[in-house]
Amino acid sequence: MAETILMKGQLVDFTGDPFAAPLAECTRIEAHGALVIRGGQILDRGPVDRITAAYPRARVVDYGQGLILPGFIDAHVHFPQTAMIASWGKRLIDWLNTYTFPEETRFADPDYAAEIAARYLDLTTANGTTSMVSFCTIHPAGVEAFFAEAARRGQRVVGGRTCMDRNSPDGLRDTAQSAYDESRALLEKWHGQERISYAITPRFSPTSTPDQLAALGALWAEHPDCLMQTHLSEQTDEIDWVRSLYPQARDYLDTYEQHGLLGANGLYGHAIHLEPREIDRLREVGAAVVHCPTSNTFIGSGLFDMAGLKAQGLRVGLATDTGGGSNFSMLRTMAAAYEVGQLRGVALHPAQLLWLATAGSAGAIGMADRIGTLAPGSEADITVLDLGSTPAIAQRSARAGDLWEALFPTIMMGDDRAVQAVWIAGRQAIGA
Ligand code: GUN
Ligand code: ZN
């Protein structure tokens, strides 16, 4: 029988959406708590006294004042951009042409793809991220490398072959037919294997012909349980370009909708410069948008309207957008979401930031019943934070009045040093 492990610490997760309900009604805090895991699943949780009495033979791991959280979920990344993260001086289209496309071309080499997949998952695990939704590249070998490495580590990941049949360089261009065929073959091979899910992945409307979007829309109609991920309204130049490429479309979102690429399992990255009609349609179909704050400031894209879109009922996830984003850490990403909120005149609460990085992103990717929570029955992906990981953070959190005030300095100033332990599918990946 699988070993029973009992972790002691402060437990924090969510029973509801802190953008929609008072904190007391949607947060679950166990200040002197314990969590029991067995066989890759969460078995029980509660006050430390009751739990230790109920599981006397469990192996105990004591995290002291450590914050035991669901592992972070990064709802939009490009793992192939790991090695060119933090590339200087460009905005979106130039950044893609100068840095991104040449790097992605290298993923034709399966050895390079495997090396970067392993490096990417090492870096994200060290930062407490246990699941992510990744664009890969046009090459099936790159998708295979990502899935194989995640499967080896037991990680729940979503990925897809990034399809593009125009406005990209030689070596990084497919056709409508090859995008359909190769996406379908990867989907049929991997979707539902281990903890792997396939996402149908047109890069964005400027790099797909209408035929390619239609072919991928047809594939999605054949596999509606899959996620479909793409980009939407990231920069104003990009929107102008989309308008010139798709003169018949009512707006950017319509280029997807006209080709069967709008639905509840759609995941639209960035979504900064939206028209009212686009917001209405996203809400009507129940689609999710993904806030990528370090990317949006780094590439100079704009300020995502978190409060406005949440108030209008949109589902929202949070993401690094590695490597347009400038950091692998969801702590830094929460901090950037806070800063972007401030620039829009809204102070996001630490609970809202933490929710976005856990249950919110899990909900956006349709996996709230499995990850992003410490609820018994869910999967044992756990991140433990040390709220005093550096002298600067420790001296501030020491005078905190409550848990949220104690966490906020780690959100704003923390990095991988704050990640005390990581458990993936019930197995320890980081920590003593
Ligand atoms: N739009 C299309 N492709 C990309 C990409 O790789 N990164 C970002 N940030 N935006 C994109
Ligand atoms: Zn992206």
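Computed from a predicted model, the values in this text were never measured in an experiment. (Residues numbered from 1 in each chain as written. Chains lettered and ligands numbered in written order. Predicted model: local features only at pLDDT ≥ 70, side-chain atom pairs only at ≥ 80, totals over all residues.)

So, about the sheet that holds strand E1 (residues 4-14). Ordered in space as E3-E2-E1-E4-E14-E15-E16, the seven strands form an open sheet in which the pairing is mixed. Each having just a single partner strand, strand E3 (41-47) and strand E16 (427-430) make up the two edges of the open sheet. The mean angle between the axes of side-by-side strands here comes to 35°, regardless of whether they run parallel or antiparallel. With six bridges joining them, strand E2 (residues 27-38) and E3 adopt antiparallel strand pairing. Across the sheet, the residue bridging to Val36 is Asp44, located in E3. Packed onto the sheet, helix H14 (residues 350-364) meets E1, E2 and strand E4 (59-70) and runs at close to 125° relative to E1. (Pairing = 2+ DSSP bridges. Helix = DSSP H or I, 4+ residues; strand = E, 2+ residues; numbered from the N terminus. Axes fitted to C-alpha atoms, helices over the stretch in contact; angles between N-to-C directions. Contact = placed C-beta atoms within 7 Å.)

What follows deals with the nonpolar core. Looking at soluble globular proteins, one finds that nonpolar side chains tend to be buried together. Of all hydrophobic cores here, the largest spans 125 residues; its most connected members are Leu216, Leu267 and Ala337. The two domains that each donate at least three residues to this core are domain 1 (4-71 + 372-430) and domain 2 (73-364). With residues up to four places along the chain from it excluded, the contact list for Ala337 reads His291, Pro293, Met306, Leu318, Leu348, Leu353 and Leu356. Within the second largest apolar cluster, six residues are counted, among which are Leu92, Trp95, Phe298 and Ile299. (Core = buried A, V, L, I, M, F, W, Y, C linked by C-beta atoms within 7 Å. Buried ≥ 20, exposed ≤ 12 C-beta atoms within 10 Å, placed from the backbone. Domains from an automatic or database assignment.)

The next point concerns the site of ligand 1. Inspection of the region around ligand 1 gives His78, Leu92, Leu96, Thr100, Arg203, Phe204, His231, Glu234, Ser295, Ile299, Asp321 and Gly324 as its neighbouring residues. Top contributing element to the shell around ligand 1 by residue count: helix H3 (residues 92-105), with three residues. In terms of residue class, the shell around ligand 1 is built from four nonpolar, five polar and three charged. (Near = placed C-beta within 6 Å. Nonpolar A, V, L, I, M, F, W, Y, C, P; charged D, E, K, R; others polar.)

What follows is about the domain arrangement of the chain. Structurally, the chain comprises domain 1 (4-71 + 372-430) and domain 2 (73-364). Its C-alpha centre places domain 1 at a distance of 28 Å from the equivalent point of domain 2. Across the boundary between the two partners, domain 1 contributes 32 residues, which contact 28 residues of domain 2. The set of elements that each furnish at least two residues to the side of domain 1 that touches domain 2 consists of E1, E4, helix H16 (403-413), strand E15 (419-424) and E16.

What UniProt calls "domain: Amidohydrolase-related" (unreviewed entry) maps, in this numbering, to residues 68-427. Here residues 68-427 runs as 44% helix and 17% strand, with 15 Å between its end C-alpha atoms. (UniProt positions renumbered as here; feature names shortened; annotations may be inferred.)

Attention now goes to the environment of Asp240. Within the secondary structure layout, Asp240 lies in helix H8 (residues 236-245). Spatially, the C-alpha atoms of Asp240 and Asp251 are 9.9 Å apart, while their sequence positions differ by eleven residues.

Turning our eyes to something else, we now look at the environment of Tyr198. Mapped onto the elements of the fold, Tyr198 is located in strand E9 (residues 196-202). In this structure, the C-alpha to C-alpha distance between Tyr198 and Arg45, residues 153 residues apart in sequence, is 32 Å. Among all residues touching Tyr198, those that are not within four sequence positions of it are Gly160, Leu186, Leu187, Trp190, His191 and Cys226.

Our next topic: H3. The principal kink in H3, of about 35°, is found at Tyr99, preceding the proline Pro102 by one to four residues. Within the span of H3, buried status applies to Leu92, Trp95, Leu96, Tyr99, Thr100 and Glu104. Next to the buried residues of H3 lie H8. (Bend = angle between axes of the 7 residues up to and from the residue.)

Glancing now at unusual backbone geometry. Cis peptide bonds are those with omega within 30 degrees of zero, and the linkage from Thr322 to Gly323 qualifies with -5°. Note that Gly323 resides in the loop between strand E13 (315-318) and helix H13 (330-343). With phi around 50°, Ala271 is a residue other than glycine that occupies positive phi space. One can find Ala271 in the loop between strand E11 (266-270) and helix H10 (276-285). For Ala271, a count of 26 C-beta atoms within 10 Å gives the class buried. In the Ramachandran plot, Ala425 falls in the positive-phi region, its phi being about 50° despite a non-glycine side chain.

Spanning 14 residues, helix H5 (residues 140-153) covers 20 Å between terminal C-alpha atoms, matching the ideal 20 Å at 1.5 Å per step. Along H5, the residues that are buried comprise Pro140, Gly142, Val143, Glu144, Ala145, Phe146, Phe147, Glu149 and Ala150. Lining the buried residues of H5 we find helix H4 (110-126), strand E6 (129-135), strand E7 (157-160), helix H6 (176-190) and E9. Remark: Gly154 follows H5 within two positions and exhibits a positive phi of approximately 75°. (Expected span 1.5 Å × (residues − 1).)

Axis separation between H14 and H16 bottoms out at 9 Å; the angle between their running directions is 60°. The orientation of H14 with respect to H16, classified from their angle, is oblique. Seen from above, H14 lies across H16 with left-handed handedness. The segment H14 lies against H16, with Pro350, Ala351 and Leu353 engaging Trp404, Leu407, Phe408 and Ile411. By residue class, the composition of the contact of H14 with H16 is seven nonpolar, no polar and no charged. (Parallel < 35°, antiparallel > 145°, perpendicular 65-115°, else oblique. Left-handed = near helix turned anticlockwise from the far one by under 90°.)

Moving on, we get to the environment of Ala199. Examined against the element boundaries, Ala199 turns out to sit in strand E9. On a C-alpha basis, the gap between Ala199 and Leu43 in space is 30 Å, while along the polypeptide they are 156 residues apart. Apart from residues lying up to four places away in sequence, Ala199 is in contact with Val133, Val158, Gly159, Gly160, Cys226, Leu227, Met228 and Gln229.

So, on to the pairing of strand E10 (residues 227-232). Of all the six residues making up E10, six are buried; the element is thus mostly covered by neighbouring parts of the structure. Alternating residues of E10 divide into Leu227, Gln229 and His231 and Met228, Thr230 and Leu232, and every residue in both groups is buried. In this sheet, E10 lies alongside E9 in parallel orientation, the contact comprising two bridges. Bridge pairing in E10 links Ala199 to Leu227. Chirality of the crossover, the property in question, places the unit of E9, helix H7 (residues 210-222) and E10 among those that are right-handed. Two strands pair when backbone bridges link them, and E10 and E11 are joined in this way by five bridges, in the parallel orientation. Directly across from Thr230, in E11, lies its bridge partner Tyr268. (Right-handed = clockwise from strand over helix to strand, strands pointing away.)

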